Amino acid sequence: MEPATRIISENNRQSDKTYKFSELIAAPEVKARWEKVRKYFFLRESTYDMTNRCNIRCNGCYYYEGEKQFARENRDIDAWRRMMQAEKARGITFVVLAGAEPSLVPELCRVCHQEMPLGAIATNGLKPIPTDINYKIHISVWGVDATSLETRNAKDMLRRQIENYRQDPRAIWVYTFTRYNINEAEAVIQSLARHDCKLTFNIFSAPVGYSGDLNHTAQSLRQTREVMADLLARYPDQVVYSHYNIVAHTHNHGLHHLFGCSYPRQNPSSDLGLGRSFRQYRTDLNWDRQAACCVPDTDCVDCRHYAAGSAVVTARLYRHAVDPETFNSWLDYVDTYLAVWVTGYEKGPNLISKMVAPPGFDLP
Ligand code: SF4
Ligand code: SF4
């Protein structure tokens, strides 16, 4: 997360009225939410490929695009510990362990956790991650089990994931909407609800040069938007999301077009905020500024990825501090982000129960 930490301007203009920031946070529930989320403005993330192996192979996996998959694996625990200590020293406070399948190297995940207590792990959920590694666990789900078998070539995925992670407060499922699984989301939520598991949403974002068939169209984005809103209304105890998340991630424009991505890959010369601090380490513990973002090798035009939005949207505090609806929508987004990514953070009720357009754009 890279929200601005400077003092907010007291004069943020909307087209027909100028709001002072003090007016935007005048309502007690808004002020309370602002105070709650701003405590986390210290978070500074980087991401780490833990291994280049995976126990399955999915259609559309961005990890197995580009050069990063060929990096040599460094499995030296001491080297990882030194790297984490150096990361801490340069101001990193939050780690995302990913690519390809971190559960295959629990000893490396453990060292990261010992050195850096806040973080998240992206996993397919088929191999349990030991409970002493107290990061958020993001478990990817791409549809009902028949669809997972087809697109991920793995049997009984949801059943096995639930067996491994039910009643685990670290766990949250991440449902990736492709063009073809939109109407399967409810069946997945029902299965998760039976075990009181939480779920958030992701949108398939094509890797560069992807020639498969999972990409979204304007029609599938609209359908996804409707299904998300419906599920958010009917499963409020399971779904960790907000209306502004829906807008930001299902808009016909991708995240970069809407908000301007500040990751180094889109912003190679920036020496500010995320552009300065973010690194995406490969399995050999090297990183490349030109390629650094949380979803490298994703096509920026098509980027609607939940992990990208977490930084791209939350970083745009000033742009959203223009009127109460826009600001409260942003607060809902940040509250959602923190609940999805930070261990122990509980999401509050959404402040806004309708879709609000991103600043400068129409509603999708
Ligand atoms: S589980 Fe994740 S890393 Fe493994 S192939 Fe699928 S998308 Fe790629
Ligand atoms: S893929 Fe997304 S997060 Fe990465 S640089 Fe492009 S727009 Fe930014």
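Data block above holds the structure.
Description of the structure in this document.

Basis of the calculations
- Residues numbered from 1 in each chain as written.
- Chains lettered and ligands numbered in written order.
- Predicted model: local features only at pLDDT ≥ 70, side-chain atom pairs only at ≥ 80, totals over all residues.
- Heavy atoms only, no water.
- Helix = DSSP H or I, 4+ residues; strand = E, 2+ residues; numbered from the N terminus.
- Rg over C-alpha atoms; globule rule 2.2 N^0.38 Å.
- Buried < 20%, exposed > 50% of the residue type's maximum accessible area, 1.4 Å probe, protein only.
- Near = heavy atom within 4 Å.
- Nonpolar A, V, L, I, M, F, W, Y, C, P; charged D, E, K, R; others polar.
- Pairing = 2+ DSSP bridges.
- Right-handed = clockwise from strand over helix to strand, strands pointing away.
- Contact = heavy atoms within 4.5 Å.
- Axes fitted to C-alpha atoms, helices over the stretch in contact; angles between N-to-C directions.
- Parallel < 35°, antiparallel > 145°, perpendicular 65-115°, else oblique.

### Points about the overall build of the chain
- For the chain, the helix and strand inventory stands at 14 helices and 9 strands.
- On C-alpha atoms alone, the chain measures out to a radius of gyration of 19 Å, which is about the 21 Å that the 2.2 N^0.38 rule sets for 364 residues.
- The principal-axis extents of the C-alpha atoms in the chain amount to approximately 55 × 45 × 40 Å.
- For the chain, with 364 residues in total, the buried portion stands at 58%.

### Observations regarding the site of ligand 2
- Near ligand 2 you find His256, Cys261, Tyr263, Arg265, Gln266, Cys293, Val295, Thr298, Cys300, Cys303 and Ala308, and these make up its full shell.
- For the shell around ligand 2, the residue count by class is 7 nonpolar, 3 polar and 1 charged.

### Things to note about the pairing of strand β4 (residues 94–98)
- In terms of burial, β4 is a largely internal element, 5 of the 5 residues being buried.
- Taken together, the 3 bridges between β4 and strand β5 (residues 119–123) define a ladder with parallel strand orientation. For Val96, the partnering residue across the bridge sits in β5 and is Ala120.
- Taken together, β4, helix α4 (residues 106–115) and β5 form a β-α-β motif whose crossover is right-handed.

### Here we look at helix α9 (residues 243–250)
- Within α9, 8 of the 8 residues are buried, which leaves it mostly tucked inside the rest of the structure.
- Of the residues making up α9, those classed as buried are His243, Tyr244, Asn245, Ile246, Val247, Ala248, His249 and Thr250.
- Its buried side turned inward, α9 meets β8 (199–203), α8 (218–234), α10 (255–259), α12 (306–312), α13 (317–320) and α14 (324–341).

### Here's the deal with the packing of helix α5 (residues 145–152) against helix α6 (residues 157–165)
- Here α5 crosses α6 at 105°, and the two axes come no closer than 7 Å. What the angle tells us is that α5 and α6 run roughly perpendicular. Each of Asp145, Ser148 and Arg152 in α5 lies in contact with α6, whose residues at this interface are Met157, Leu158 and Arg159.
- Looking at the contact of α5 with α6 residue by residue, the classes come out as 2 nonpolar, 1 polar and 3 charged.

### Examining the site of ligand 1
- Within the structure, ligand 1 sits among Cys54, Ile56, Arg57, Cys58, Cys61, Ala100, Asn124 and Arg152.
- For the shell around ligand 1, the class distribution of residues is 5 nonpolar, 1 polar and 2 charged.

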